[in-house]
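Commentary on secondary and tertiary structure
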Amino acid sequence: MSDTDVIELLRHIDPAPGEQAPAPIAALLERLDGPPRPPARGRRRRRPELPAPAWRGRRLVLGCAGAATVALAAVVLLSLPGGGTPNVAAAMYQATTPGSGVLHMNTVTEKIVGGHTQTTSEQFWSEQNPRRVRLIISNGEETLESALTTQPLKLLQWSQSNPDVIKQSVPTGIADSEQTGVQVLRQLYRKGELTLAGKSTFDGQPAWLLEVHPQYTRPTVDGKQLPNPTVVVSASSFVPLEFDEDSVSSEHGTPELMVIRVRYVEYEELPRNTQDEALLALAEHQGASIENEG
Amino acid sequence: MSDRQQFEALYAAHAGAVRAYAMRRGPVTDADDVVAEVFLTAWRRLHDVPVDVDSRAWLLAVARRVQANARRGSSRQQALRARLEHERPAESADPLLERRVIECLLGMRERDREAILLIAWEGLTNREAARVLGVRESTFAVRVHRAKRRLARVLTDAGASHARDATNLLEVQ
């Protein structure tokens, strides 16, 4: 199958073939506000500046001015080794180091197998010393909410399918820290398995692309080795924006390609105050009774 | 040539391409708004717009940002799905094959998909398309290669498994 065949086939499914007649320019001319700006000086601007993106809810709020100063200085130092390409993996590690506030993460995970997409949304809050974690996970059909406290050790769980019951238990085998996707990325950095692959863009915003180099051999599908996973990192805050991995699924019997895509819609650290600490508690569920388990 | 004349010439030359770009990636009803936003930006930055063949790439880069600001990744994919599944004008000679291609496109990473669509639909050269995406040509070439390889695999599979039913065909992607 030649490249020409592929391009031709894509052209055949073009939903708007050819150029589309635009609206008359007269209405647009009435909206022109003042003369054009003078040309940018000093360097050629390849892209125009646009208003700050309203779509992105991501923000990194550090708990205190001191922490902000330290983090900013660290990011700057890590970003400019020798004044050249930033050490993006190190800056990502620094930007995701938990502070003293309440970490809030909002992720959307897509698992694509055989043309079918399964989407899972997660809202995650955590706080350390003492450790508290709250998680809301939904796949569109079911929603689960859980809240863990370690002092005293207690786990509360609620599900949309059984809304009248809150299950309370004393869990065993609690890990020292939660294993979120970001924690996994941090571990990969510590093991030296994250390298810079180049510049990128994410939803039109400047970003960096990191490539994961796992120590195991990547699996194959249809006789072809799958590419390494990648991580898109914000060029401004260095927090992760998207993780992509091609993998193998055998859920339908025959091994087939499975694409995992995790989008970090929000990654922020909120101040540790009464209002934000309340986010770590199980939501109020009217009429639900608490059932003790185990 | 005055600023106004230059702007009108720019609009006459490229507004159709910008509108087509917007229609391919979002609701038809939004296309004129995207065109207006792109050219208002072009007017404000008229002296930064390349006067050579790169002007179209410059305008499409603005259109890409305008649409990105308006929608997030998931809704963009949904919009593309809607455009491909329900609003394509041409009758298909091989609907099953096209179905597979569409699913393959939608299953790609957004950056790979956009790379190959800029070539196939917008008819840009690698250099122009790389400018739209703000990446080096070498980076762009890798993305296109990855997308083509994935699509070619779908087409090859389609030829080998013509007798299977639609469900099975979709599952091998």
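Residues numbered from 1 in each chain as written. Chains lettered and ligands numbered in written order. Predicted model: local features only at pLDDT ≥ 70, side-chain atom pairs only at ≥ 80, totals over all residues.

1. Focus: the overall build of chain A
On a plain count of helices and strands, chain A comes out with six helices and 14 strands. Every one of the 294 residues in chain A was classed for burial, and the buried ones make up 25%. (Helix = DSSP H or I, 4+ residues; strand = E, 2+ residues; numbered from the N terminus. Buried ≥ 20, exposed ≤ 12 C-beta atoms within 10 Å, placed from the backbone.)

2. Let's talk about the packing of helix H6 (residues 110-120) of chain B against helix H7 (residues 126-133) of chain B
All names here are of chain B. Running from N to C, H6 and H7 cross one another at 135°; their axes reach a closest spacing of 10 Å. Classified by the interaxial angle, the pair formed by H6 and H7 is oblique. Classified by chirality, the crossing of H7 by H6 is right-handed. Of the residues in H7, those in contact with Glu114, Ala115, Leu118 and Ile119 of H6 are Ala129, Val132 and Leu133. Partitioned by chemical class, the residues of the contact of H6 with H7 number six nonpolar, no polar and one charged. (Axes fitted to C-alpha atoms, helices over the stretch in contact; angles between N-to-C directions. Parallel < 35°, antiparallel > 145°, perpendicular 65-115°, else oblique. Left-handed = near helix turned anticlockwise from the far one by under 90°. Contact = placed C-beta atoms within 7 Å. Nonpolar A, V, L, I, M, F, W, Y, C, P; charged D, E, K, R; others polar.)

3. Here we look at the sheet that holds strand S1 (residues 102-113) of chain A
As a general point, the strands of a sheet are linked pairwise by backbone hydrogen bonds and lie either parallel or antiparallel. Residues and elements named next belong to chain A. In space, the 12 strands of this open sheet follow the order S7-S8-S11-S12-S13-S1-S2-S3-S4-S5-S6-S14, with mixed pairing throughout. Because the sheet does not close on itself, it has two edges, and the strands there are strand S7 (194-202) and strand S14 (289-292). The mean inter-strand angle of the sheet, taken between neighbouring strand axes irrespective of direction, is 20°. Here five bridges tie strand S5 (residues 153-159) to strand S6 (residues 162-169), and the two strands are oriented antiparallel to one another. Across the sheet, leucine 156 pairs through a bridge with glutamine 168, a residue of S6. (Pairing = 2+ DSSP bridges.)

4. Digging into the confidence of the model for chain A
Residue and element names in this part refer to chain A. Per-residue confidence for chain A gives a mean pLDDT of 78; residues scoring 70 or more make up 80%. For chain A, per-element mean pLDDT is lowest for helix H3 (residues 65-79), which scores 40, and highest for strand S11 (residues 230-234), which scores 93. Across residues 42-83 the pLDDT falls below 50, and counting only partners more than four positions away or on other chains, this stretch makes 62 contacts in the model. (pLDDT = per-residue confidence, 0-100.)

5. As for the nonpolar core
By size, the foremost hydrophobic cluster in this structure holds 53 residues, and its most contacted members are Val18, Val38, Ala63 and Ala129 of chain B. Elements with a minimum of two residues in this core: helix H1 (3-12) of chain A together with helix H1 (3-25), helix H2 (28-44), helix H3 (55-70), helix H5 (95-107), H6, H7 and helix H8 (137-160) of chain B. Counting contributing residues per domain, this core is built from domain 1 (1-72) and domain 2 (90-173) of chain B, each supplying no fewer than three. Every residue in contact with alanine 129 of chain B, bar those within four places of it in the chain, is listed here: Ala115, Leu118, Ile119, Leu124 and Phe140 of chain B. Listed in part, the 33 residues of the second largest apolar core include Leu185, Val232, Val239 and Tyr267 of chain A. (Core = buried A, V, L, I, M, F, W, Y, C linked by C-beta atoms within 7 Å. Domains from an automatic or database assignment.)

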